Structures are given as C-alpha cells and as structure tokens.
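# Close look at the chain arrangement
Single-letter residue listing:
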Amino acid sequence: MIKIKIDGKALEVKPKTSIIEVADKVGIDIPRFCYHKKLSVAANCRMCLVEVKNFAKPLPACATQVMEGMEISTKSKFTKDTQKSVMEFLLINHPLDCPICDQGGECDLQDTAVAYGASKTRYTEEKRVVFDKNIGPLISTDLTRCIQCTRCVRFLKEVGGMAELGLIGRGEHAEISAYVDKSVESELSGNIIDLCPVGALTSKPFRYSARSWELSRRSTIACHDSLGSNIEAHVKDNIVKRVIPKENESINECWISDRDRFSYEGLNHKDRINLPLKREKNQWKEIDWEEAYELIEKNITDIDIKKSNKIGIICSPQSTLEEGFLLKKIAKELNTSHIDYRLLEKSFSENNNWLGCKIDEIESHDAILVVGSNLKHDQPLLAHRFRRYANKRNNFSIITSYDDFYSTRCLEKVIVNPSAYINYLLMILKQVQLSTKYKINSEVIKNLLKAAKPSNEAKRIAKSLLSNKSKAIFLGHQILHLDDGDNIKLVAMHIAQAVGATFGLIPGYANSVGLNELNLNTDNISADKILSQSKEAYIMMNFDPLYDYHSPKKINSALKKAKFNLAISPYISDSFKEFDVVLPMTPFTETSGTFINMEKTIQSFSAVTPPVGQSRPGWKILRVLANFLQLEGFSYDSSEEVKTDAMIEMDKKNEFSLNDFKPSNIERGLEVLNVVRANDSDMIVRRATSLHQNKNKDQSCCLINPTTMLEEGLIEGQKIKISSSEAEILINVKADDNVCLNAVVIYGKQDETFILGMHNKVKIKKA
Amino acid sequence: MLTEITRKKIDGELKKFPIDQKQSAIIAALQIIQTENGFLTDDLIALAADYLDMPKIAAMEVATFYNMFELKSAGKYKISVCTNISCALREADDIVCHLRKKLNINFNEVTKDSKFSLKESECMGACGGAPLMTINNHKMYEHLTPQKVDQILEELD
Amino acid sequence: MLNNNSHKASINSEVFPICLRTSNLEDSSSLQTYLSIGGYEQIQRILKDKISPEKLIEEIKISGLRGRGGAGFPTGIKWSFIPNDSDGTKYIVCNSDEGEPGTFKDREIIKKNPHQLIEGMIIAAYIMGAQVGYNYIHGEIWEEYESFEKALAEAKKANFLGKSICGLGFDFELYAFHGYGAYICGEETALIESIEGKKGQPRFKPPFPATYGIYGRPTNVNNTETYATIPWIIQNGGESFANIGVENSGGTKIFSVSGHVERPGNYEIPMGMPFKTLLELSGGVWKGRKLKAVIPGGPSTPVLPAAEIMKTTLDYDGLKNSGSSVGAGSLIVMDETTCMVSTLKRLSYFFYEESCGQCTPCREGTGWVYRVIKRIVDGKGKPEDIDLLLDVSKKISGRTICALGDAAAVPVLSFIKHFKDEFKYFIKNGKSMMDANS
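Residues numbered from 1 in each chain as written. Chains lettered and ligands numbered in written order. Predicted model: local features only at pLDDT ≥ 70, side-chain atom pairs only at ≥ 80, totals over all residues. Heavy atoms only, no water.

A count of helices and strands for chain B gives seven helices and five strands. The secondary structure elements of chain B, listed N-terminal to C-terminal, are α-α-α-α-β-α-α-β-β-β-β-α. Overall, chain B is about 50 × 35 × 25 Å in size when its C-alpha atoms are taken along their principal axes. Here chain B displays about 6,900 Å² of accessible surface, and carbon together with sulfur accounts for 50% of that area. Separation of charge centres in chain B, based on 19 positive and 23 negative side chains, amounts to 3 Å. (Helix = DSSP H or I, 4+ residues; strand = E, 2+ residues; numbered from the N terminus. Areas by Shrake-Rupley, 256 points an atom, 1.4 Å probe, with all protein chains shown as cover. Lys, Arg positive; Asp, Glu negative; His and termini not counted. Charge placed at Lys NZ, Arg CZ, Asp CG, Glu CD.)

Quick look at the structure:
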C-alpha cells in the first residue's frame, strides 16, 4: 500500500492503480470521456487532466499511476482551468444540435459542459462536418458529433472480439469508420451505443421514439441465453422502447448482447395473439378465455387418465421456474410423467448440466478446455469472458467442429468432426492417466483407452490440464445434441476427475438449469420418447414446434395422431396448424417469474409492462387451467407463492448418477453441424426485425470446408440440394475453412432450413 | 488477388519482422501495391490486410494516415511539391504557380489526359535543395526553377 | 585515419566532419570507401578485445554526446536505461524520419556515409544487448531508403551484419523501414507504432520504450547523427570528442542551413561556433539582403530576431540563453523581406496538417490556430485575435500525449513575441507590413 493525498484527503491505496480509479473509489468526481473502466486506457480526450504537486504539467488521471507521496488536486484552479480549456476544444467542432439529438438528456458531453465548460464560445470559424456512415441496422451514426474518444473502437477490438471500427484519417479529419460501408457484425455491438459519450452512436431502432426523460426504467432478466444478463427495460406508454444493461459485475458486467438489447422489437410483433384461438375448418377463430378453458376442459376430461401417460407435455427451456413447477404439478395430477423441456437434445443425462462454477470464477482458472461449443452464437456475452481469458493467459484450448472463435489466441485449437470428439477426449484421458494413475472401472472405456493413440495436440492439452493448479473443462450444450453426447460427457468428466478440474456444461437456455433443478422430468422421459409414443393429447408451451424442436416431421406426425392439442404461446404462425386451441401467453416482459442461470443463481423478475390485449402470464394461465380441470392445490394468488412451492420441490431433487459408457455406432461420412445463430434462438428474437435486417449472404447458405468442397466437386456460390430424412432444400454453398472436414454447417431455426430438422444425417447433391 | 510479383515483394518485406508480427509490413505492402497500381482502392487495401492477417479496418487506418498513399485515382505522374517553410522561403510558390498554369489543374486534381496530378506536400527533409518536388513519391528533383520543371516534365513520356 | 592531435578545430572558422567524414571522398557511400578510413575496425576491436558495455557507455558519457534528434538527452545515460537482465529480443531503432521543416542532415549521412551509421548501430546493439535493429527512414527521401538497403546488403555480405559478426560471436540483424508521409512518426513512440504496422499515434509515457518498445520489448531509439557519431568516439576516445566542442556541448554537430542564404546545405561544425561564422560559411544572406530572423532548430524551437541570433553561439547553452534551443540543428534563415504573419500561417498549417488527431487539444487547437491566422492573412483579422492565438496556443501546450502540441504552440508564441507589430499591422490594414509600400 502506498500513501497519497487527493484533495487534501490522505489515503492508502494499492500500487499500480490510476488516479481516476482511486478517485472513483472514494467518490471524487473527475470528468472523462475516453476512459472506461472496462477498456484499455487511451488518454486521448485529456478531460481528466489534474494537477499533481511537483509536476509542471497537468497529468491525465486515467493514465497516471499513483506514486508514494503523490498529492493530487482535482478541484484546484489549475485543474479547473485545464479542464475548462479541454472542454472548450471539445466543443469548438461539436454541433449545437442538442434539441434534436437522441442523446439529449443523457449525454456525458452535455452534462460535463454544464459542469466544467464556459457558457460562451470564442470560436467563430467554421465547424467541421463529418459524413455519416451506415454501420448496419442497429446503430445509427451522427459522426459530426463524435469527439474521437475511440471507446467504440476499443470496445469492438477488446470486448467484441474483432476490430470492426477504426479511426481513419488523421488530425482534425480523423473519423470513426468501418472498412468501407461494412456493417458491424459483433454480437455485442449495441454496447457501443451505451459507451458513446455523445450522440454520435445511437440506437437505430430506438431513434426518435422517445426522449430519455419520458421513460420509466424497470429492471428484469434477459431470457435469450443461460447467462441471465441483468437488463433495464425503458418503457413509455406501456411499451418497451429500448433495453439497456443493468450492471452486475459477476454476471454481465456492464454489457449485454445485441439479442438481449434489441429483442424487444419482437414483443409487439404482428404474430402476437390477444385472445385465445380455436382451430375451426383450418381457420383460427378468436374466442374468449371462458370458452377456451371450457373447450380444453371438455377435451382433457374425455381422456381416461386412469391409465398413465395419456397426455404429453413439452415446454420451452425458457419457461420460468413457476411455469415449470405448475406444469409438473398438472402433469402429476393428470397422471403423466411424460413431460420434458429438452427440445434439441439427443442425449439425456441430467447430471452436472450447469457451469460447475461461478461465472466470475471462469477466468480464475489456470487452464481451460472447451469442447464443442459455438460460444459466439450460443452465449455471445459469456464468449467475451473466454476471449478475454484466452488473450490474457495463453492457456485456453478448444475442441470444436466449427471455429467461431477465430480472433482468439488459443493454446490449442482442434477442429474435428463431431463424431471425433469422443476419440479426442479418450486420447486426452489416456495421456492424463499415464501420469495420474487415475482408475477407471468401466471395462468398455478401458478397452477404448487401449486403442487410443494420443496425438501431439491431445498430449499438449493433457499437459496444460496436468501442469496447472486450477483448471476447468467446459462442454457446449451442443454436445447433448449428439447421439453420443452422454459418452462424451462421461469421458470429459473422467478427465476432470483425474486432473482435479472443474467440470461444467454451458446450458443453452434461460432456464435450462432451473427446469433441471426442478426435476421437471422426474422419470427422465425425453421429448423424443413422448412424441414417438402416441398420446391422446399434447400440451406445448412457449416454443415454436417446427423451428424449436429438432424434428418437425416427428412432432407434426405426433400432433396429427393426437385427439387434442393445446398450445400456450405468445405468437401464432403456420407452425401451430396442428393445434386445436392456442392460449395467448405473455412474453417475459409481461410476466413475473424466476430463471436460474448457468451458475445456478436464482433471479426473479417482475413484469415491466402490462399484458398486451387479453394475453396472460403463463403461470396464471396454468393456474386457471388447473382450476378448470378441477385439480387440487392450485389456489395461488401470486407468482411468489408458486415460487415458494417450487423451491421446496427443488430441495427434493436427487443427484443423478453417471451412466456407463454406451458404445454407439457412429456412421462416418458427411456430418451435419447445426449452428443456431444468436439471433435465431427463440420465438422473440426471430421476430425482432432490426436484428435480422443485417442478414447477409453468408447466413442463407451452408458452409463447407474448401478441401471437402474440392473432394465433393463443389464450387463457391453453387446451389446444392441437401436432403435429410425429413425434407430437402436447395441452398448456396460457401467455402469456410473454419469448418471441419467432411461436414456441412447449416444454420438451424431459419425459414430456409428448419424443415430439414436438426442434427440429422444429410446428403448433398449438386442441384 | 495480389499478383505473384507483389506477393514476392511483400514476402521480402516480411523477412524483416518476427513471423507473428506480419502487420508490421503493412506500410511496405501498401507502398508496393500503390507503386504497381498508381493508387489504392478499398479492395486493394483489403487484399493487403488479408495477406497480412490483420483487420481490414486497421489497414484502412494506415492507408488514410500516411499521406503518401493515394486513395483516389492519380495521374500517371503524381507531382508533389513541398510548400513548407524552407521551400516557401525559396519561392516554391512560383513553382506551384508555374505547374498549375502549365498543367491547368489545382492541387489534388488530375489533368484531363490523366497524365499528371498535383499535390501539396509537407517537408520532405531535403530543404537544402529547396524548392523541390517528387514525382510518383520516389524520385526527387531539387533546386527547381520554372525552366527546370519544364525540362523535367518534357522528359516524361 | 584521423590522428589524435588534429582534434582541436577552430570553432571560429572550420567545418569538422565526423559523421560526414567520407563526404569528399570518391564513391563516398561505398563499403570500400568506409573501410579505407578505418571503417568497421571499432566493432571488430570491441568484439575481439571483449570490451565491456559498461566501459563503452562510460566513454560515451565522457564524450558528452547528446541526442541529435532535438531533445538533446545525454546518450550515455540513455543507453544505461535499457534493462540488461531481460530475456528475449531487444531492439534498437535509428530515427531517420526527418520531417521537421528545415532539417536534412540525416539524409546526408545516409546518402554519403551509411556504413558509419551501420557501425554505430552495431556498437549500440552490442552495448545494449539488442539483437535486431531498424532504421526508420522518412518516406519522402526514397532514393536514400533504397541506397541504405544497398549499404545493408553490402554490410551483410561482408559479415558486418547477421550471425556472428566477423566470426566474433555477436549476432545482429539490421533492417531498413520506410515511413510514408507522417511527420509525427519522428516522435519515438509513434515511430514504434508505425514499425508495428499501425497509424503513427504516439503512446502515453510511461512506460518508456526502454522497457516497453516495439512489440512491448525493450527498445532504444536514437537519431541517425547520434549513432553515426559513435564509431568516431570509440575510435578516438570520449575526451577527444568532448574537446572539440564547448562545455556542456561536446563534439561536432551537423547544422542544416536553409532558406535565405547563398549556399544552403549541411555544415558539420564544432559546437560553440558563433552563428555569424556559420552564416558566413553558408555564403551569407542571399541577394545581398539583410537578416531578419532565424529559426535555429526547426519550427518547434522559438524564432530569434537577427540582433539576438547574431550574438549567439551554436551550442546547447548558447541557444538556450538566447531563448531558443539547438533542436535538430535546423537553421531556417529569413531575410528582411519575409512576412512573419504569412510564414507563421505556413507553419501553423504544417502542425494542423500533421497532428495525428489523437488528443483533443492538438486535434482541435491546431486547426483553430491555423484558421485564425489564415483569417488574418485573408485580411479579416480582429484586434482580439492576437490574444486569442496566444491563449489557445498556451492551452494546447503541455496538455497532449506527445510534444507535437507543445511544438505547435512554439512558433505562435515566439513569432508574436518578437514581431507583434507586424501582426497588429496586418490586422489593422488587412495586408502585410512587407507590402506597406505597394
């Protein structure tokens, strides 16, 4: 600790801290534009210059580290005069258009000018004009207002993962630009709107729709991935006008992903339903709630539930804890254990399906191995923590089939077919076993290990896991979408045990962990099984049966066979044709509820706006439904009461035991990799229009490694026919050497591709 | 695609730097490409960036920062005249006037036949030879007089 | 070869070539020529006799050699900053990015005597334990860049560069790097950024290049003339060098004389020579006119009116006492017909044009200053403009990451200080005092 004085106040501070960090900690205000605690220090705006005793020149508080005996004056005349002159320089070329600027009322420059600037300008020359650039559908530019602080440039390079913006030109003509008129593509790009201290970068979808002082700010939890980012919805006239991050250092820091920021555009999409719908002569007819419940009651009570499992229930992994609990309770009352939330999985082991550590502990490991995750799309913001880790500590390895982590420094980057994951992990396990003498009882694994011949990469990965103190192995949730996912998980867990590593699985959706903790599927019956055994009725909640379930063909034929199908959904579309009744539920912004995120943090939230039309929160729909069905124990008055019971239910959860290795015969040949892009993950984001305006050519094609293309005689841009057991489509092919050999990447959950189903074998043919 | 010759030249420059620091060769790469092409286009800048495994925008920053790079089509002969203090004191203005009149163009313009373009330049570090100019960046002419300028231009085809 | 007795040159009349000592020889830049005057003997002697870096640094300290790029920092002290305990690559860099208006001495060294510079850099590399060096050459002097590449090839072929120099076990690679038109790259951290393939935007210091330079490695940056002086100092001893100049300003220095003189050019002279003598050496003010003012070290040093500079000696203390400084030794001579307002306009335009744009006061302030002066020259000046110019310049100065902000303020402050009447006249009459009679 070293002793310093700031504004006469004696302090003991850690060495290597900057003056501005000290000031922020003790609540002394130093104005700044370029400095941001999460970005590298640029020291270019000069607004934070302060007087330091024995220095003739003022020093930038952001870039100057405290030294023993330093005396800093942030309020002296010298400091004030310096700051005033910098303010004057910043304003000479800044337009006086605050009344029409979207940043007005929440502008750092405006606020600082009032506090530190002069009231009159001495500058009478012409002001600079900068032409605006189109950097995509999310961010609007008014570059004449830019003060060249480069926060946006540094963010995209350091957090976004790719240098997409730069300061081109020099001197007075330096301006922010992308390469030509290229759109910014980072999944985190919206954060530069928050970072911009002036109105140079503003939200395009929000533009001109409200002034900042007209908005009520309400906190909630983002629902598009399992991170559980804390967000603030800004509401005017009961409509969410924009979403910004709410700082939570241990979860989302001060950032959010673009889908969490802009998905609100999907909330009031034309597909939203305001009243219950009944299917009549292939047409939807609006009916009132009373009629809808009576219809459901009639159809359900027709079923002889004395025999078990006559009804199948499938819900989204985005369902709240309360919804899940009520569904589970209804299932029990209806004598069915055929209830599941796993829409994409083909492997169903239920143990350890969470991160295995706290989110902010990830980077404290000395070595990390990630297997089979499309981090950028699955968990756009979590990916940033891995990127930061990888760039700082050269001890990050990844084994994947499609490398979307390209801008990151990796110790080892292994790109292999999904079917080769298991061999790779066996090689690592064998190598690890050599030095740990870790015992494995399973005869099957023992035999497989005998045959394994560790490659050099596997040896190096093993070495990094062995030679470091604390380490972690994380699997992507795609692993569970594979037929041999449970085997992969098992071997990975053996490796983790052998080397003493944290083991984690990065769950896919907002409440995957919550529903798992709730033990929703007590008998571990999979959605797959529920659909293949014909049911008399199905209840499906909060997902698109064709886009979000991996086999449209299977789900459609199951629905066709059933006598009665009920959907509970905020939206209606062609996907719901096989349903008899659709009840309008509210999306996450119009309901209270609870999500449990990847690190098992329980986060409850309230509605930020009232329900649209006559739609109702999911938990209320289920409660009334139960009442109509005359089921016992559903007299809840609030979601909090439901939560209380749900928590008790969670306490009863048994630990699942490890299954043994089940040898599976994996067919070789062309493998399919379904990558769900960040903006296609669920019903809400798919309807958020701005997020999709940017859809470039790459997204409506499939990706194949150039070497494989050569072998298959394919050329870039060619149309090919892809057929699965479900359907066939025509699609353009694009060469991408980030894809493993002998595989094709098909973006899932898209209009052009959903019909193929996901994670199926495919064949390709030149069209 | 960059031509074989261009790539060979860039590879030669790359030998000057550690293998994981290819970006160091960007100024040289852009110079090589410009010398071949006369000026730089967005696409050429992107090709250079790709060749050196660096972000396109970072190459763009470099191309727009150093002012011997031309981002607009230049004449076959780009004439850069220094007008900084030492040249100005030795009547660089007369040289500029003479060139403007002779070529009938202003600074940052190209003659109709695309043969010449004219640029104002900052100090070239050869003030003992003032007034001076360069042609196509790499050839310097010192102690200029209007007569000498005429002679130099005449010798260019 | 020079012998020790000839080291006392008259500071009153003679040039004394050290860096330019091959200048008058035929084929002055060739390896052959350099070898004929004892070139590359010093590095061989050092390696053969295993002379310790500490001993060599001591010799350089005794010589009193100060950085010739403008800042004048004692070279011996600077070289002792490079951490000698660090593993991995260390770099030494020669700053030949000569863009300060009026400066053209480094070009002369590269053109006339490149091998002495190379030998100087090898010795520096040996002293600081560097394995790789770069000579960063101003883009506009392309022919010199190419000729330096040739000199490097010659040196490499003769095994003065590369693995085990002259078979004596010391490895050093030296490369030429060309700029492409950015004055700011003469600032050492901007130059380092440029070598890394980036825009030349100066870095905030600390950390200094000695600990965090190219690719984050320890790096020493010196001016061309500084390195080129080293072989002579090692050959003849630090004391011989110190004895040539005057106290506090050891040795010789190349002064670049440009502007209104009969014979513009480079004059390598003993430090301490009166300006008057150098003016005579360069043929006096041209066209028989009278001297008005001189910028003694490039535009980032304050201008001095004739009366002041004619009393001054050309050394660190002499110029400091006159209210200016040696800078890069770039004497810009202005005769009695020079309009100081228009001249300041050109210099302000230069700083405005060359500001990198990184920090606010320089980016915004240099444009402001230029526009006000331009307005005055356009005949639209206002009486309050003079105070405005002084105030804005003072607010740029001392508030930027690098010294360009300070440099930009210097001409404004010094021109107005010494020639305020001309500015007032221009504002009042809408035309230059020099045009008063027309």
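So that's the structure; there's more coming.
Our next topic: a nonpolar patch on the surface. Residues and elements named next belong to chain C. Together, Phe73, Ile77 and Phe81 make up an exposed nonpolar region whose accessible area comes to about 280 Å². Inspection of the secondary structure puts isoleucine 77 in helix 4 (residues 75-79). You can call isoleucine 77 partly exposed: its relative accessible area is 36%. (Patch = residues over 30% accessible without salt bridge, like charges linked within 9 Å, V, L, I, M, F, W, Y side chains within 5 Å. Salt bridge = Lys/Arg side-chain N within 4 Å of Asp/Glu carboxyl O. Buried < 20%, exposed > 50% of the residue type's maximum accessible area, 1.4 Å probe, protein only.)

The next thing to look at is the nonpolar core. The biggest cluster of nonpolar side chains holds 157 residues, and the ones touching the most others in it are Tyr66(B) and Ile118(C). Residue-level mapping places this core at the junction of two domains, with at least three residues from each of domain 1 (4-65) and domain 2 (77-155) of chain B. If we ignore the near neighbours within four places in the chain, the residues touching Tyr66(B) are Arg170(A), Ile27(B), Tyr136(C), Tyr180(C), Gly181(C), Ala182(C), Cys185(C), Ser194(C), Lys198(C), Lys199(C) and Gly200(C). Counting residues in each nonpolar core, the second largest holds 114 residues, with Ile135(A), Cys254(A), Cys410(A) and Ala527(A) among its members. (Core = buried A, V, L, I, M, F, W, Y, C linked by side-chain atoms within 4.5 Å. Domains from an automatic or database assignment. Contact = heavy atoms within 4.5 Å.)

This part is about empty space enclosed by the protein. Residue and element names in this part refer to chain A. In this structure the tally under the stated criterion is 12 cavities of 30 Å³ or more. By volume, the largest cavity is sized at about 270 Å³. What lines the largest cavity is a set of 30 residues, among which Pro317, Tyr341, Glu345, Tyr509 and Ser512 lie closest to the centre. Residue composition of the lining of the largest cavity, grouped by class: 12 nonpolar, 12 polar and six charged. Considering only enclosed or pocket space, the second largest cavity measures out at about 160 Å³ in volume. Lining the second largest cavity are 16 residues; nearest its centre among them are Gln318, Asn542, Pro587, Phe588 and Ile684. Residue-level mapping places the lining of the second largest cavity at the junction of two domains, with at least three residues from each of domain 3 (277-347 + 512-649) and domain 5 (670-766). (1 Å grid on protein atoms, 1.4 Å probe; cavity = no way out; pocket = protein on both sides within 12 Å on 5 of 7 lines; lining within 4 Å. Points joined across faces, edges and corners; volume = space filled by probe spheres on them. Nonpolar A, V, L, I, M, F, W, Y, C, P; charged D, E, K, R; others polar.)

Below, the discussion takes up the interface of chain B and chain C. Opposite the 43 residues of chain B that make contact, chain C presents 59 residues. Both faces considered, chain B and chain C share a buried interface measuring about 4,000 Å² in area, 55% of it formed by carbon and sulfur atoms. The interface formed by chain B and chain C includes six salt bridges. Arg107(C) serves as the salt-bridge partner of Glu142(B), at 2.8 Å between the closest nitrogen and oxygen. Remark: the boundary between chain B and chain C carries 29 residue pairs in polar contact (both at pLDDT 80 or more). Counting residues per element, the ones that place at least two in the side of chain B that touches chain C are helix 2 (26-37), helix 4 (56-65), helix 5 (85-89), strand 3 (116-121) and strand 5 (139-141) of chain B. Take the side of chain B that touches chain C: its biggest share by element is five residues, from helix 2 of chain B. Counted by class, the side of chain B that touches chain C contains 18 nonpolar, 15 polar and 10 charged residues. (Buried area = accessible area lost by both parts, 1.4 Å probe. Polar contact = N/O pair within 3.5 Å; in protein donor to acceptor, adjacent residues only side chain to side chain.)

On to unusual backbone geometry, then. With an omega of 0 degrees, the peptide bond between Lys205(C) and Pro206(C) qualifies as cis. Within the element layout of this structure, Pro206(C) appears in the loop between helix 8 (188-195) and strand 4 (219-223). With an omega of 5 degrees, the peptide bond running from Pro206(C) to Pro207(C) counts as cis. Turning to its location among the elements, Pro207(C) is positioned in the loop between helix 8 and strand 4. Residue Asp237(A) is not a glycine yet carries a positive backbone phi of 50 degrees. Relative to the assigned elements, Asp237(A) resides in the loop between strand 11 (230-236) and strand 12 (239-245). Asp237(A) gets classed as exposed once you look at its relative accessible area, which sits at 64%. The residue Asn108(B) is not glycine, and still its phi comes out positive at about 65 degrees.

Here we take up the domain arrangement of chain B. As far as domains go, chain B holds domain 1 (4-65) and domain 2 (77-155). Using only C-alpha atoms to locate each centre, domain 1 of chain B and domain 2 of chain B end up separated by 28 Å.

Our next topic: the pairing of strand 26 (residues 602-605) of chain A. On a regular strand, each side chain points to the face opposite its neighbour's, so the side chains alternate between the two faces of the sheet. Residues and elements named next belong to chain A. The two faces of strand 26 differ: Gln603 and Phe605 on one face are buried, but Ile602 and Ser604 on the other face are not. As paired elements, strand 25 (residues 593-596) and strand 26 share four bridges and run antiparallel to each other. Note that in strand 26 the partner of isoleucine 596 across the bridge is isoleucine 602. Where strand 25 folds back on strand 26, the antiparallel hairpin that results is connected by five residues, among which lysine 600 adopts a positive phi of roughly 70 degrees. (Pairing = 2+ DSSP bridges.)

Glancing now at the interface of chain B and chain A. Facing 12 residues of chain B, the contacting portion of chain A comprises 12 residues. Between chain B and chain A the total buried area reaches about 1,000 Å² when both faces are included, carbon and sulfur atoms providing 64% of it. The largest contributions to the chain B side of the interface with chain A come from Ile57(B), Glu61(B) and Phe65(B), which together make up 47% of the buried area. At the boundary of chain B with chain A, the tally comes to four residue pairs in polar contact (both at pLDDT 80 or more). Broken down by secondary-structure element, the contributors of at least two residues to the side of chain B that touches chain A are helix 3 (42-51) and helix 4 of chain B. Sort the elements by how many residues they give to the side of chain B that touches chain A and helix 4 of chain B lands first, with six residues. Looking at the side of chain B that touches chain A, its residues break down into six nonpolar, two polar and four charged.

Residue and element names in this part refer to chain B. At a minimum axis separation of 10 Å, helix 6 (residues 92-103) and helix 7 (residues 146-154) run at an interaxial angle of 45 degrees. By the angle between their axes, helix 6 is oblique relative to helix 7. Of the two elements, helix 6 crosses helix 7, and the hand of that crossing is right-handed. Where helix 6 approaches helix 7, its residues Ile95, His98, Leu99, Lys102 and Leu103 are matched on the opposing element by Pro146, Val149, Asp150 and Leu153. Classifying every residue of the contact of helix 6 with helix 7 gives six nonpolar, one polar and two charged. (Axes fitted to C-alpha atoms, helices over the stretch in contact; angles between N-to-C directions. Parallel < 35°, antiparallel > 145°, perpendicular 65-115°, else oblique. Left-handed = near helix turned anticlockwise from the far one by under 90°.)

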